Amino acid sequence: MAVEDEAFEILSGVRDGVSIGSPVAIMIRNRDYRSSLDPINVPRPGHADLAGMLKYDTEDARNIAERASARETAARCAAGAVAGCMLKALGIEVFGHVAAIGRTRLAARRLTLEQAVRMRSRSRFYTVHPERDETIAAEIERAARKGDTLGGVFEVKVIGAPAGLGGCMRAEDRLDGQIAGALMSIPAVKGVEIGGGVALAAMPGSEAHDEIFWKDGGIVRPTNRAGGIEGGMTNGEMVVVRAAVKPIPTLGAPLRSIDMRDKKAAHAPVLRADICAAPAAAVVGEAAVAFEIARAVIERFGGDTLRRIRSAMREM
């Protein structure tokens, strides 16, 4: 809803625009914070309210709702921005965009990174199809008039990731598991797929996998259905990840629930909320993937400075 001013302050770890090796601390003040908040006794279907009330044995979900709120993702975006700066300095780019909102599906486009960034900057909804903005806006407005909300799908691509990030020796080494876990932990994300994802299950193996060829002194693959990760490791192709974002649980026309104080039927409370969070989730997803890729790069190549990491990457 754009109620925050998005200002931040770097408290430590950076001097003269360069990280110095100590932890980077960033403060983002919540301008819309209210110290006195009414209790939430009626849990909203689809929110953390009920599960948290049952877990922490309380009839008031306010503390749970505030802690489970997606506002915590501001910190992830800050950390992901630092990781993205490191990756860019190493020639690795992370690019996120919205691929669908509600019933509006946006077809894949063959674009260079520069073209995709330019298209996304023109879109109100963080897509690479700015010409579809009015269609998306109309769908959101229809949902708002009905007191409803919309979900969506976002996609994150990693361009320039070297082969060998991640691992296959232990379950926790697998990069696809790390990325999927990071994305699934974003509030409202209910599904993650890499490359062809769920669609691969309906294909025969002869069509599902990416053939390997040697051409002009290098390995080439005509397709990338694996999404750049095989066996938990990057294979040198572009990493492609998608995540499904469910509709926001706080509705203008609230669903039925119960009052946890007396267990009588009630309607969920109507609180301030957006109609669709998919564009914001795409920003968070981009940051989350950047953080996991940066961590995998450090684990793979080590080194206390960018110069040493670059040197190790050149030697691989």
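All values derive from a computational prediction rather than experimental measurement.

*Asks:* How do you make sense of the overall build of the protein chain when you look at a structure like this?
*Replies:* A count of helical and extended segments in the protein chain gives 9 helices and 15 strands. Relative to the globule expectation of 20 Å for 316 residues, the C-alpha radius of gyration of the protein chain, 22 Å, shows essentially globular dimensions. The dimensions of the protein chain, computed from C-alpha atoms along their principal axes, are 70 × 50 × 40 Å. Relative to its full complement of 316 residues, the protein chain shows a buried share of 36%.

*Asks:* Can you walk me through the nonpolar core in this structure?
*Replies:* Nonpolar side chains in soluble globular proteins tend to end up buried together. Within the largest apolar cluster, 48 residues are counted, with the highest numbers of intra-cluster contacts made by L87, I101, F154, I293 and V297. Top contributing element to this core by residue count: helix α8 (residues 278-301), with 12 residues. Excluding residues within four positions of it along the chain, F154 makes contact with H97, V98, A99, L183, V189, V241, R242, A243, V245, A281, A282 and G285. Ranked by size, the runner-up nonpolar core spans 6 residues in total, among them M53, I64, A65 and M260.

*Asks:* What am I meant to see in unusual backbone geometry here?
*Replies:* For residues that are not glycine, phi is negative in most cases, and the peptide bond is trans in most cases. In this structure, D57 takes a positive phi of about 55 degrees despite not being glycine. Relative to the helices and strands, D57 resides in the loop between α1 (49-56) and α2 (62-68). Residue D57 is classed as exposed on the basis of its relative accessible area of 71%. Positive phi is not limited to glycine here, since K263 has a value of about 65 degrees. Here K263 is to be found in the loop between β14 (256-258) and β15 (265-267).

*Asks:* Which parts of the structure should I look at to understand the sheet that holds strand β6 (residues 104-105)?
*Replies:* In any sheet, the strands associate via hydrogen bonds between backbone groups, in a parallel or an antiparallel arrangement. Taken together, 5 strands build an open sheet; the order of strands is β6-β5-β7-β13-β8 and the sheet is antiparallel. The sheet terminates laterally at β6 and β8 (189-194), the two strands that pair on one side only. Bridge count for strand β7 (residues 152-159) against strand β13 (residues 239-245) is 7 bridges, and the pairing is antiparallel. By the bridge assignment, V153 is partnered in β13 with A244. Against the sheet, α8 contacts β5 (93-101), β7 and β13, and its axis sits at roughly 150 degrees relative to β5.

*Asks:* When you look at helix α6 (residues 175-184) in this model, what are you seeing that I'm missing?
*Replies:* Because the α-helix completes a turn every 3.6 residues, residues three or four places apart line up on one side. The set of residues buried in α6 consists of L175, Q178, I179, A182 and L183. Projected down its long axis, α6 shows its buried positions confined to an angular sector of 125 degrees, all on one face.

*Asks:* Please clarify how the packing of α6 against α8 should be interpreted in this entry.
*Replies:* Between two packed helices, what matters for the description is the angle formed by their axes and the separation of those axes. Between α6 and α8, the least distance of the axes is 9 Å, while the angle of their chain directions is 150 degrees. In terms of orientation, α6 lies roughly antiparallel with respect to α8. For the element pair α6 and α8, the recorded crossing hand is right-handed. On α8, the residues that touch L175, Q178, I179, A182 and L183 of α6 are G285, A288, V289, E292, I293 and A296. Looking at the contact of α6 with α8 residue by residue, the classes come out as 8 nonpolar, 2 polar and 1 charged.

*Asks:* What should I look at first to understand the layout of surface pockets in this one?
*Replies:* Empty space among the atoms becomes apparent when a probe as large as a water molecule is rolled across them. What the second largest pocket holds in volume is close to 670 Å³. As for the second largest pocket, its lining consists of 23 residues, and the residues nearest its centre are A108, R109, R110, E155 and K157. Those elements that provide at least two residues to the lining of the second largest pocket are β5, α4 (113-122), β7 and β13. Among the elements that line the lining of the second largest pocket, the one with the most residues is β5, at 4 residues. By residue class, the composition of the lining of the second largest pocket is 14 nonpolar, 4 polar and 5 charged.

Cut-off values and rules
By convention here, each chain's residues receive numbers from 1 onward along its written sequence. Thresholds applied to this predicted model are a pLDDT of at least 70 for local features of residues and 80 or more for the giving and counting of side-chain atom pairs; totals over whole chains, interfaces and linings are not thresholded and use all residues. Based on all heavy atoms of the structure, the side-chain values leave hydrogens and waters out of the count. Counting from the N terminus, the helices are the DSSP runs of H or I reaching at least four residues and the strands are the DSSP runs of E reaching at least two. Throughout, radius of gyration means the C-alpha value; the globule benchmark is 2.2 Å times the number of residues raised to the power 0.38. Think of it in three bands: with a 1.4 Å probe and only protein chains considered, a residue is buried below 20% of the maximum accessible area for its type, exposed above 50%, and partly exposed in between. As used in this record, nonpolar core signifies buried Ala, Val, Leu, Ile, Met, Phe, Trp, Tyr and Cys residues forming a set joined through side-chain atoms within 4.5 Å. Contacts: residue pairs with any heavy atoms within 4.5 Å of one another. Pairing between strands is defined by DSSP: at least two bridges between them are needed. To get an axis, fit a line to the C-alpha atoms, keeping to the stretch in contact for a helix; angles then go from 0 to 180 degrees between the N-to-C directions. Think of the arc as the fan of directions from the helix axis to the C-beta atoms. Angular relationships are summarised with four words: roughly parallel below 35 degrees, roughly antiparallel beyond 145, roughly perpendicular across 65 to 115, and oblique for the angles in between. Here a crossing is called left-handed whenever its near helix is offset anticlockwise from the far helix by less than a right angle, and right-handed whenever the offset is clockwise. Residues are grouped as follows: Ala, Val, Leu, Ile, Met, Phe, Trp, Tyr, Cys and Pro are nonpolar; Asp, Glu, Lys and Arg are charged; every other residue, Gly included, is polar. Using only the protein atoms, space was sampled on a 1 Å grid; points where a 1.4 Å probe fits but cannot get out form cavities, open sets with protein on both sides within 12 Å along at least five of seven lines form pockets, and lining residues are those with an atom within 4 Å of a point. Grid points are joined across faces, edges and corners, and a volume is the space filled by probe spheres set on the points.

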